[in-house]
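Observations on the three-dimensional arrangement
So the chains spell out like this:
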Number of protein chains: 2
Amino acid sequence: MNAAERGGWVAVVGLGPGGEAQVTPEVTALLAEATDVIGYAPYVARVAVREGLVHHASDNRVELERAAHALSLAAEGRRAVVVSSGDPGVFAMASALFEAWEQGAPAWRDLDIRVLPGITAMLAASARAGAPLGHDFCAINLSDNLKPWALIERRLRLAAEADFAMAFYNPRSKARPDGFAQVLDILREICGPERLILFARAVCTAEERLNVVTLADARPEMADMRTMVIVGSSTTRLVERGSGSARPPVLYTPRWAG
Amino acid sequence: MNAAERGGWVAVVGLGPGGEAQVTPEVTALLAEATDVIGYAPYVARVAVREGLVHHASDNRVELERAAHALSLAAEGRRAVVVSSGDPGVFAMASALFEAWEQGAPAWRDLDIRVLPGITAMLAASARAGAPLGHDFCAINLSDNLKPWALIERRLRLAAEADFAMAFYNPRSKARPDGFAQVLDILREICGPERLILFARAVCTAEERLNVVTLADARPEMADMRTMVIVGSSTTRLVERGSGSARPPVLYTPRWAG
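We now turn to the structure provided with this report. Computed from a predicted model, the values in this text were never measured in an experiment. (Residues numbered from 1 in each chain as written. Chains lettered and ligands numbered in written order. Predicted model: local features only at pLDDT ≥ 70, side-chain atom pairs only at ≥ 80, totals over all residues.)

1. Quick word on the relation of the copies chain A and chain B
The two copies are related by a screw operation: chain A maps onto chain B through 180 degrees of rotation and 0.0 Å of translation along the axis, at an RMSD of 0.0 Å. As the rotation angle and translation indicate, the two copies are arranged about a two-fold axis. Every residue of chain A has its C-alpha some distance from the rotation axis, and the shortest such distance is that of C138 of chain A, at 1.9 Å. Taken together, the interface assignments show that 100% of the residues at the interface of chain A recur at the interface of chain B, consistent with an identical surface on both copies. (Least-squares fit on C-alpha atoms with pLDDT ≥ 70 in both. Contact = placed C-beta atoms within 7 Å.)

Structure representation (structure tokens):
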């Protein structure tokens with residue numbers, strides 16, 4: 001009897017940025033079928049406790065071990081859901097799961113593995129601020145845990161020259177606290193001081209805070225580990241709402257360019 | 001009495017790539033409060049008919065008129081929802097709405113305008129194929145309706161040099177049928193013939209079809225207007241599942257690079 005015949009499966013799902021109103025029905029339905037939920041502790045804590053569901057909470061930065069654990073549970077016939085915040089395919093658990101799968105036991109190759117998308121942080125932040133990613137854009141993970149800093153800098157320079165809007169995940173790494181200051185210096189050099197930058201902290205939670213400034217006024221400490229940073233392209237605009245509106249100004253990138 | 005006091009509002013919401021199981025609860029809840037739903041006819045048709053909800057279906061390529069219509073309805077005190085497929089902030093209606101708003105009647109500045117995110121096509125396609133966008137990536141609209149072709153080509157070359165994975169929206173424009181063939185030629189030149197490319201058609205619908213080939217084997221006619229195209233980075237891998245699995249091979253980009 002192979003793993004698939006045992007009836008086990010593993011799914012990597014996205015819980016969205018924070019609010020339960022942004023979890024898709026297919027993710028909710030799959031969690032209701034699961035026997036095990038696996039992930040970084042704050043994400044596992046978002047899944048309600050119920051009989052028949054085992055919670056496996058782990059520390060940050062143990063992605064491969066966590067992935068292997070989920071795969072071994074599935075191989076035993078269990079229904080394992082690995083939870084990510086946001087979308088699992090964007091700087092989250094989906095790639096880690098496939099790395100562990102490819103390197104792991106040959107029997108795992110038969111496993112039923114699915115990925116269910118979620119609302120990723122940059123699109124939630126974009127929606128809250130207006131539409132800064134409404135034209136061509138790129139997404140860069142600024143953490144240098146798994147890639148050399150020189151590659152981050154090279155990508156950043158080419159993306160700025162291409163006039164992409166840019167979304168930065170993990171803007172401030174504890175291991176390299178000066179990295180984000182260097183990023184801001186490079187952006188000021190290529191994009192100029194007037195370019196707009198959004199700091200969106202804890203989007204779609206009670207602690208949400210949005211802050212739009214120019215690169216001239218941007219400071220590294222405006223970002224922390226819960227902040228999504230979005231830099232506009234040359235056409236991105238900040239437009240005040242009327243005095244009758246309590247909402248912050250609108251940050252958006254028009255559909256046209258050139 | 002200003003527009004806000006009249007109680008009207010406008011929201012731009014994402015319906016996700018196709019399946020109702022991927023529409024977020026907050027979008028479903030907002031549609032239940034709406035008096036008017038506005039959008040491109042196939043998207044408006046996805047919203048169930050009910051008493052008290054007026055359906056306003058329009059043709060493609062009338063985004064600014066559609067946006068102005070929604071804004072004028074909100075100014076009259078109605079609750080207008082503009083529907084986009086995928087995420088409204090990614091090559092969809094959110095930017096068009098803010099363009100119409102900024103250029104429009106001064107009274108519109110007070111309007112309550114919200115954007116609710118959705119599962120965008122590239123992340124749905126990525127999840128179905130594995131995790132090709134698991135590392136740094138960019139999203140480019142290949143339509144040259146609103147930007148010069150030279151800018152598309154420049155962004156494409158810089159993105160390829162930066163070794164981003166790339167997601168292409170609107171790969172084949174009727175107005176420029178040879179554009180996508182040129183894109184493939186440029187990619188072959190910079191990324192080489194072995195680079196992997198995914199054609200994901202009608203993702204999350206009954207007609208879904210995924211096709212992964214190398215750039216050497218890629219043909220322009222593999223994409224149509226319903227196809228999302230994703231080009232891997234230099235590290236993107238295609239890994240066969242076991243003979244016990246009926247699913248197609250996994251396309252994924254590891255978390256590491258360099």
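2. Examining the environment of L97 of chain B
Residues and elements named next belong to chain B. Along the chain, the position of L97 falls in helix α4 (residues 93-103). C-beta crowding within 10 Å serves as the criterion here: with 31 such atoms nearby, L97 is assigned to the buried category. Sequence separation between L97 and A68 is 29 residues, and the spatial gap between their C-alpha atoms is 7.3 Å. If we skip the residues at most four places from it in the chain, L97 touches V12, A67, A70 and V82. (Helix = DSSP H or I, 4+ residues; strand = E, 2+ residues; numbered from the N terminus. Buried ≥ 20, exposed ≤ 12 C-beta atoms within 10 Å, placed from the backbone.)

3. Examining the packing of helix α3 (residues 63-75) of chain A against helix α4 (residues 93-103) of chain A
All names here are of chain A. One can describe the packing of α3 onto α4 by two numbers: an axis separation of 8 Å at closest approach and a directional angle of 65 degrees. The orientation of α3 with respect to α4, classified from their angle, is roughly perpendicular. The chirality of how α3 crosses α4 is right-handed. Taking contact as the criterion, the partners of E63, L64, A67, A68, A70 and L71 in α3 are, on α4, M93, A96, L97, E99, A100 and W101. (Axes fitted to C-alpha atoms, helices over the stretch in contact; angles between N-to-C directions. Parallel < 35°, antiparallel > 145°, perpendicular 65-115°, else oblique. Left-handed = near helix turned anticlockwise from the far one by under 90°.)

4. Here's the deal with the environment of G118 of chain A
Residues and elements named next belong to chain A. Counting through the fold element by element, G118 comes out in the loop between β5 (112-116) and α5 (121-129). Look at G118 and you get buried, because 32 C-beta atoms sit within 10 Å. Separated by 94 residues in the primary sequence, G118 and T24 have C-alpha atoms spaced 7.0 Å apart. Leave out the neighbours within four places in its chain, and G118 touches V13, G14, L15, G16, T24, V27, G86, D87 and P88.

5. What to know about the pairing of strand β9 (residues 196-201) of chain A
All names here are of chain A. The buried count for β9 comes to five of six residues, which makes it a mostly enclosed element. Pairing between β9 and strand β10 (residues 209-214): six bridges, direction antiparallel. Across the sheet, the residue bridging to F199 is N211, located in β10. Bridge analysis of β9 against strand β11 (residues 227-231) gives five bridges, and the strand direction is antiparallel. In the strand pairing of β11, R201 is matched with T227. (Pairing = 2+ DSSP bridges.)

6. Considerations on the sheet that holds strand β6 (residues 130-131) of chain A
Reading across from one edge, β6-β13-β12 (chain A) is the order of the three strands in this open sheet, with mixed pairing throughout. The open sheet has two edge strands with one neighbour each: β6 and β12 (237-239) of chain A.

7. Some details on the sheet that holds strand β12 (residues 237-239) of chain B
All names here are of chain B. Overall, mixed pairing links the three strands, which are arranged β6-β13-β12 in an open sheet. Both outer strands of the open sheet, β6 (130-131) and β12, are each paired with one neighbouring strand and no more. Of the strand pairs in this sheet, β12 and strand β13 (residues 250-252) are connected by three bridges, and their pairing is antiparallel. Bridged to V239 within β13 is V250.

8. What about helix α7 (residues 179-191) of chain B?
Residues and elements named next belong to chain B. Under the 1.5 Å per step criterion, the end-to-end length of α7 is 18 Å for 13 residues, consistent within 8% with the ideal 18 Å. Turning to α7, its buried residues are F180, V183, L187 and C191. For α7, the angular spread of the buried residues around the axis is 50 degrees, confining them to a single face. Residues of α7 that are exposed and angled more than 90 degrees away from the buried face: D185 and E189. (Expected span 1.5 Å × (residues − 1). Arc of directions from axis to C-beta.)

9. Things to note about the interface of chain A and chain B
Interfaces are often sized by the amount of accessible area the parts lose when they come together. Facing 61 residues of chain A, the contacting portion of chain B comprises 61 residues. Listing elements by their share of the side of chain A that touches chain B, those giving two or more residues are α1 (25-33), α4, β5, α5, β6, β7 (137-141), α6 (149-161) and β13 (250-252) of chain A. A per-class count over the side of chain A that touches chain B returns 33 nonpolar, 15 polar and 13 charged. Where β7 of chain A meets strand β7 (residues 137-141) of chain B, three bridges bridge the pair, whose relative direction is antiparallel. Bridge pairing in β7 of chain B places A139 of chain A opposite F137 of chain B. (Nonpolar A, V, L, I, M, F, W, Y, C, P; charged D, E, K, R; others polar.)

Any functional reading would require information that these geometric values do not contain.
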